[in-house]
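Listed below are the residues making up each chain.
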Amino acid sequence: MNNNPLPRLDENEAIRQRLLPFCRLRPGECWIDEKCGHRVGCIDATDADGVLLFSDGLRPVLAVHDPPYNLIAFASRSVSDYVRWCRSWVEVTARILSADASLYVWLGADQGEGFQPLPDFMIMMRSSPFRPRSFITMRNQRGYGTLHNWMAIRQELLYYVRGKPVFNVDAEYTDIPKILRGYYKTVGGELTENLQRSRSDTIRAGNVWVDVQQVFYRMDENVSGCYAQKPLAAIERIVRASSNRGDAVIDLFGHSGTTLLACERLRRVCVSGDIDPIYCEIMIRRLEHFRINGRLGWQNGHPFEREAPAFALDEASPADMSSLPEPSLFEIA
Ligand SMILES: C[S@@+](CC[C@H](N)C(=O)[O-])C[C@H]1O[C@@H](n2cnc3c(N)ncnc32)[C@H](O)[C@@H]1O
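Residues numbered from 1 in each chain as written. Predicted model: local features only at pLDDT ≥ 70, side-chain atom pairs only at ≥ 80, totals over all residues.

1. A word on the overall build of the protein chain
Right, so step 1: Tallying secondary structure elements over the protein chain gives eight helices and 16 strands in all.
Right, so step 2: Scaling as 2.2 N^0.38, a compact globule of 333 residues should have a C-alpha radius of gyration of about 20 Å, and the protein chain matches this with 21 Å.
Right, so step 3: Its C-alpha atoms give the protein chain principal-axis dimensions of about 75 × 45 × 45 Å.
Right, so step 4: Taking all 333 residues of the protein chain together, the buried fraction comes to 38%.
Right, so step 5: Here the analysis covers contacts within the protein chain between residues at least 6 apart in sequence; of these, 72% occur between residues at least 24 apart. (Helix = DSSP H or I, 4+ residues; strand = E, 2+ residues; numbered from the N terminus. Rg over C-alpha atoms; globule rule 2.2 N^0.38 Å. Buried ≥ 20, exposed ≤ 12 C-beta atoms within 10 Å, placed from the backbone. Contact = placed C-beta atoms within 7 Å.)

2. Observations regarding the packing of helix H2 (residues 48-55) against helix H3 (residues 79-96)
Right, so step 1: In the contact formed by H2 and H3, the axes pass within 10 Å of each other and the chain directions differ by 35°. Of the two elements, H2 crosses H3, and the hand of that crossing is right-handed. Contact with H2, carried on its side by Ala48, Val51, Leu52 and Ser55, involves Val92, Arg95 and Ile96 of H3 and no other residues of that element.
Right, so step 2: Residues belonging to the contact of H2 with H3 are distributed by class as follows: five nonpolar, one polar and one charged. (Axes fitted to C-alpha atoms, helices over the stretch in contact; angles between N-to-C directions. Left-handed = near helix turned anticlockwise from the far one by under 90°. Nonpolar A, V, L, I, M, F, W, Y, C, P; charged D, E, K, R; others polar.)

3. Concerning H3
Right, so step 1: The terminal C-alpha atoms of H3 lie 26 Å apart, and with 18 residues this matches the ideal 26 Å at 1.5 Å per residue to within 8%.
Right, so step 2: Among the residues of H3, Tyr82, Val83, Cys86, Trp89, Val90, Val92, Thr93 and Ile96 are the ones counted as buried. (Expected span 1.5 Å × (residues − 1).)

4. Considering the packing of H3 against helix H4 (residues 118-125)
Right, so step 1: Contact pair H3 / H4: the axes reach a minimum separation of 10 Å and the direction vectors enclose 45°. One element, H3, and the other, H4, form an angle in the oblique class. Considering the relative orientation of H3 and H4, their crossing is right-handed. For the pair H3 and H4, the contacting residues are Val79, Val83, Cys86 and Arg87 in the first and Asp120, Phe121 and Met124 in the second.
Right, so step 2: In the contact of H3 with H4, the residues fall into five nonpolar, no polar and two charged. (Parallel < 35°, antiparallel > 145°, perpendicular 65-115°, else oblique.)

5. Concerning helix H8 (residues 277-293)
Right, so step 1: Its 17 residues place the ends of H8 24 Å apart at the C-alpha level, agreeing with the 24 Å of an ideal helix rising 1.5 Å per residue.
Right, so step 2: Residues of H8 that are buried include every one of Pro277, Ile278, Tyr279, Cys280, Glu281, Ile282, Met283, Ile284, Arg285, Arg286, Leu287 and His289, and no others.
Right, so step 3: Contact partners of the buried residues in H8: helix H1 (13-19), strand E1 (29-32), strand E2 (39-42), helix H7 (258-266) and strand E15 (269-274).
Right, so step 4: Once H8 finishes, Gly294 follows within two positions and takes phi at roughly 75°, a positive value.

6. Notes on unusual backbone geometry
Right, so step 1: Look at the link from Gln116 to Pro117: it is a cis peptide, with omega at 0°.
Right, so step 2: With respect to the helices and strands, the residue Pro117 is situated in strand E6 (residues 116-117).
Right, so step 3: Of note in the backbone geometry, Phe115 takes a positive phi value of approximately 65° without being a glycine.
Right, so step 4: Structurally, the position occupied by Phe115 is in the loop between strand E5 (109-110) and E6.
Right, so step 5: Assessed through the 12 C-beta atoms surrounding it within 10 Å, Phe115 is described here as exposed.
Right, so step 6: Although it is not a glycine, His255 adopts a positive phi angle of roughly 55°.
Right, so step 7: Tracing the backbone through its elements, the reader meets His255 in the loop between strand E14 (248-251) and H7.

7. Quick notes on the site of the ligand
Right, so step 1: Neighbouring the ligand are 19 residues; Asp66, Ala228, His255, Ser256 and Thr258 lie closest to it.
Right, so step 2: Split into classes, the residues belonging to the shell around the ligand amount to eight nonpolar, six polar and five charged. (Near = placed C-beta within 6 Å.)

8. Details of the pairing of strand E3 (residues 62-65)
Right, so step 1: Neither face of E3 is exposed, since Leu62 and Val64 on one face and Ala63 and His65 on the opposite face are all buried.
Right, so step 2: Two strands pair when backbone bridges link them, and E3 and strand E4 (residues 101-107) are joined in this way by four bridges, in the parallel orientation. The residue of E4 that forms the bridge with Val64 is Tyr104.
Right, so step 3: Looking at chain direction, E3 and E14 are connected through two bridges and run parallel. Considered in E14, the bridge of Ala63 is made with Ile250. (Pairing = 2+ DSSP bridges.)

9. Some details on the pairing of E1
Right, so step 1: Judged from the three bridges that link them, E1 and E2 form a sheet pairing that is antiparallel. Counterpart to Ile32 in the pairing with E2 is Arg39.
Right, so step 2: Where E1 hands over to E2, the hairpin turn is made up of six residues, of which Gly37 adopts a positive phi near 85°.

10. Side note on the environment of Val51
Right, so step 1: Mapped onto the elements of the fold, Val51 is located in helix H2.
Right, so step 2: Residue class for Val51 comes out buried when judged on the 23 C-beta atoms lying within 10 Å of it.
Right, so step 3: Considering only alpha carbons, one finds Val51 and Asn70, 19 residues apart in sequence, at a separation of 22 Å.
Right, so step 4: Non-local contacts of Val51, meaning those with residues more than four positions away in its chain, are made with Ile43, Val92, Ile96, Leu252 and Gly273.

These values are about where atoms sit, not about what they do.
Below, the structure is given as structure tokens:
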């Protein structure tokens, strides 16, 4: 079995520096996919002009944002600074989305720090153009927890809307069979129970998602080097529910490219950004990898294997860039 993962890139500056020469995008540049029109931009989510330019007239109906949570993988800011920062990318998102649109935000709550920043973010959003629609919790088990507290397995997902966006309820059905009977109701003079009346014999996910597996290294969709990858099944559920085929979807914190891959599989056009050229490159490579061999990620391998086979990063050199396909790039600013 292949056993050649990359370590977390946010914790390995030396490896990051060695991989940077293999990245197609520099800050301010954008890659345009000639096949389906997806875009990947190396851009700061708070840079309104840059984001508008790189989305180039597309009006997404859905934004799926997964910002750093102010607790991990981010130089921790004061809560007020963090919320001010969030307000600026929410404003950028409001400018770019269509009039009838959905906004999903993944966020964390630090139980050791007054549950910040989740409640602070929610309060800030009351003065945004979006209205709250649902507060979803995904079961997100990463391992075994402390014996002295409840095991931390939740992942919060906030759902906001503007106008009257699409909601495809079929996307909500899980593979979990209905087993509970009850809720008797008289329909057409006949007493019926809920299984007779329902649209499906499986349950709806509702706002507590218990059926999505957390990504770990044994899974095909794993992208080693990344530290905050969301499960493809969760992003696909959002994309299916809140957009239609052919619609544009935006994700300004793209990282491993989960939203990009979901859009490719579900025939949406993705506008995805990340401030870090390495994650931009990983996103593009994940899409290319999927198109070439149908794989969702690199189980026990990594996206830079071409230039750094067997993890021989010391030998990697920028000259190997010649093997990369010609990108179509343009400067954002
Ligand atoms: C939590 S991860 C997103 C994970 C993603 N949903 C996935 O499934 O792979 C957050 C990403 O935001 C990026 N980021 C941090 N600050 C940013 C900013 N100001 N603008 C754009 N991207 C930023 C980080 O580089 C990181 O890749």
